[in-house]
Amino acid sequence: MIRNWMFPIIAGLLVSALAWQGVLLATPYALMSKAMDVIGARAPANSFAFGELATADNQPIVRPSPDLVYSSCVFDVSKGPVLVDVASVPSHYWSLSIFDARTDVADVRSDRDTGGKPARLALMKAGQTAPQGYEPVTLQYDRGIALIRILLASPAEYPVVDAIRRKSTCKQLPTAN
């Protein structure tokens, strides 16, 4: 009697294990795709969207820290490198995080890494070349999100910090025709 049930039980366990693995592999892509859609609605691809001072009501992805100012760029390197220039905000902690389409952190820079100077990164896939003056960040996926966070000591600093951060750019490297 047990032998008659052995094959269906093993087959059921195998199908369950494969389905579980499929969900584990697909979930990061699905979550990041949704995040890129939401953030991408704020600005075109390869362009920063500069968020207002963070509140729980105006941040679509995660609960924000009220003492951080966020800027985000949905990028696409399929047609060539994307250049990210982050303006340094004097006397403030800032960071730039690059997330790929699988939600993995591809790179991180901060004012401490750059010695207070601007960050200049070329986001690209294998086989592409970074222009002079840019640090290459090679990605496994064509799309992702670049996220800048700037720490404010008080909300009164927002206007000055906002003017500086708007000098940051995320743009497709122009191609030669």
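To keep things clear, this report deals only with the structure shown in the data block. Nothing here was measured: the structure is a model prediction, and the numbers come from that model.

This next bit is on the environment of Asp104. Tracing the backbone shows Asp104 in the loop between strand S4 (94–100) and strand S5 (105–110). Given the relative accessible area of 34%, Asp104 is considered partly exposed. Filtering out sequence-adjacent residues up to four positions away, Asp104 remains in contact with Ile98 and Phe99.

As a further point, take the side chain of Thr114. With respect to the helices and strands, Thr114 occurs in helix H2 (residues 111–114). You can call Thr114 buried: its relative accessible area is 16%. There is a polar contact of 2.6 Å between the side chain of Thr114 and the backbone oxygen of Lys117. Contact partners of Thr114, with chain neighbours within four places excluded, come to Trp94 and Ala119.

Along a regular strand, successive side chains alternate from one face of the sheet to the other. Most of strand S3 (residues 82–86) sits inside the fold, with 5 of its 5 residues counted as buried. Taking every second residue as pointing to the same face, both faces of S3 are buried, with Val82, Val84 and Val86 on one and Leu83 and Asp85 on the other. Judged from the 5 bridges that link them, S3 and strand S6 (residues 119–125) form a sheet pairing that is antiparallel. Bridge pairing links Val82 to Leu123 in S6. Relative to strand S9 (residues 169–172), S3 runs antiparallel, the two being bridged by 4 bridges. Residue pairing for S9: Val82 is matched across the bridge by Gln172.

This next bit is on the sheet that holds S3. Spatially, S7-S6-S3-S9 is the arrangement adopted by the 4 strands of the open sheet, whose pairing is mixed. Strand pairing shows two members of the sheet lacking a second neighbour, strand S7 (135–139) and S9, which therefore form its edges. Strand-to-strand twist of the sheet, defined as the mean angle between neighbouring strand axes without regard to direction, takes the value 20 degrees. Bridge analysis of S6 against S7 gives 5 bridges, and the strand direction is parallel. Counted as the bridge partner of Leu123 is Val137 from S7.

Reading guide: rules and limits
- Residues numbered from 1 in each chain as written.
- Predicted model: local features only at pLDDT ≥ 70, side-chain atom pairs only at ≥ 80, totals over all residues.
- Heavy atoms only, no water.
- Helix = DSSP H or I, 4+ residues; strand = E, 2+ residues; numbered from the N terminus.
- Buried < 20%, exposed > 50% of the residue type's maximum accessible area, 1.4 Å probe, protein only.
- Contact = heavy atoms within 4.5 Å.
- Polar contact = N/O pair within 3.5 Å; in protein donor to acceptor, adjacent residues only side chain to side chain.
- Pairing = 2+ DSSP bridges.
- Axes fitted to C-alpha atoms, helices over the stretch in contact; angles between N-to-C directions.

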